[in-house]
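Per-entry structural report
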Amino acid sequence: MARIAVFGAGGRAGRLLVAEAAARGHQVTAVVRDPATYPDLAAGDVTVVAGDVTDPAGVAAAVAGHDAVISSIYREGVDPTELYEGAARALLAGLGEAGVGRLVVVGLAATLETEPGVRVLDAPDFPEAFRTFALGHAAGLEVLRSAPPEVDWLVVNPPMSFEPEGARTGRYRLFGGQLPPGGGRISYADLAIAVLDEIETPKHHRTQLAVAD
């Protein structure tokens, strides 16, 4: 059994990450900005605490005594680069201060490569409406890539088709940093399985992966 902190625990993916971790017998700390907004999260071995993923001191306080941290964040109305770059810096600093060695971040398929050195978001036909959001995720990834060795980070990227209500099949495949053939698809529930597998048995380190069914 491990102690796992989940930032973004109130989101659609975050809730399934919390549920998957709790179902496996882990002690889970669900970190949200306002616990009063998520009274249903606190159950069994799940404790809900207030925390800001962009505040290094707040991160350190929330994760102290934990074995691993998961980040699955989204914040409407905030500049994506400010959010994801700021969160990456705060997580690295906070985990380093608290002595937590493992960090798994849920990323974005647009940062994956279609060929060496060419990301999905670099394509001429990439939708302009999503470019700013994608660049924010890419900025956060670059911060992680420059991280000191004390934090063993991993970014797990869902594929282009990411299904909130999809079934939990227990099946998934990993594709390194490359976009899966055809863009790929996976349910939120199966993504949670892949993330928790990497928490329990870390096999990939300081890199990003695509995961699809």
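Residues numbered from 1 in each chain as written. Predicted model: local features only at pLDDT ≥ 70, side-chain atom pairs only at ≥ 80, totals over all residues. Heavy atoms only, no water.

Considering the nonpolar core
Quick reminder of the rule: We call a set of buried Ala, Val, Leu, Ile, Met, Phe, Trp, Tyr and Cys residues a nonpolar core when their side-chain atoms join them within 4.5 Å. Only protein chains enter the accessibility calculation, which uses a 1.4 Å probe; a residue whose area is less than 20% of its type maximum is buried, one above 50% is exposed, and one in between is partly exposed. Think of it this way: any DSSP run of H or I at least four residues long counts as a helix, any run of E at least two long counts as a strand, and we number them from the N terminus. By the convention used here, residues are in contact when the closest approach between their heavy atoms is within 4.5 Å.
Grouped together as the largest cluster of nonpolar side chains are 28 residues, with contacts concentrated most on I4, V6, L17, I70, V195 and L196. Ranked by the residues each element gives to this core, the list is headed by helix α5 (residues 188-200), at six residues. Not counting residues within four places of it along the chain, the set of residues in contact with I4 comprises A21, H26, Q27, V28, T29, H66, A68, I70, L196 and I199. Counting residues in hydrophobic clusters, the runner-up holds 27 residues, among them A5, F7, L103 and V155.

Some words on the pairing of strand β1 (residues 3-7)
Note the following rule: We call a crossover right-handed when, viewed with the strands running away from us, the connection from the first strand over the helix to the second turns clockwise. If DSSP finds at least two bridges between two strands, the strands pair.
The element β1 is largely enclosed, with a buried count of four among its five residues. For the segment spanning β1, helix α1 (residues 12-23) and strand β2 (residues 27-32), crossover handedness is right-handed. In this sheet, strand β4 (residues 68-71) lies alongside β1 in parallel orientation, the contact comprising four bridges. Pairing of V6 across the sheet is with I70, part of β4.

A look at α5
Heads up, the condition is: What a helix is expected to span follows from its residue count: subtract one and scale by 1.5 Å.
In a regular helix each residue adds 1.5 Å, so 13 residues correspond to 18 Å; α5 covers 18 Å between its end C-alpha atoms and thus fits that length. With eleven of 13 residues buried, α5 lies mostly within the body of the structure. For α5, the full list of buried residues reads Y188, A189, D190, L191, A192, I193, A194, V195, L196, E198 and I199.

Thoughts on unusual backbone geometry
Positive phi outside glycine occurs at R206, with the angle close to 55°. Inspection of the secondary structure puts R206 in the loop between α5 and β12 (207-212). For R206, a relative accessible area of 33% gives the class partly exposed.

Concerning the side chain of H66
Let me state the cut-off plainly: Polar contacts, as used here, are pairs of N or O atoms within 3.5 Å; protein pairs need one atom able to donate a hydrogen and one able to accept it. Residues neighboring in sequence count only if both atoms are side-chain atoms.
As for its placement among the helices and strands, H66 is situated in the loop between α2 (56-63) and β4. Polar contacts involving the side chain of H66 include one to the main-chain carbonyl oxygen of A64, which spans 3.2 Å.

Remarks on the side chain of Q208
With respect to the helices and strands, the residue Q208 is situated in strand β12. Side chain to side chain, Q208 and T111 meet in a polar contact 3.1 Å long. Of note is the side chain of Q208, whose polar atom sits 2.6 Å from the side chain of N157. Filtering out sequence-adjacent residues up to four positions away, Q208 remains in contact with T111, L112, L141, R145, W153, V155, N157, G176 and G177.

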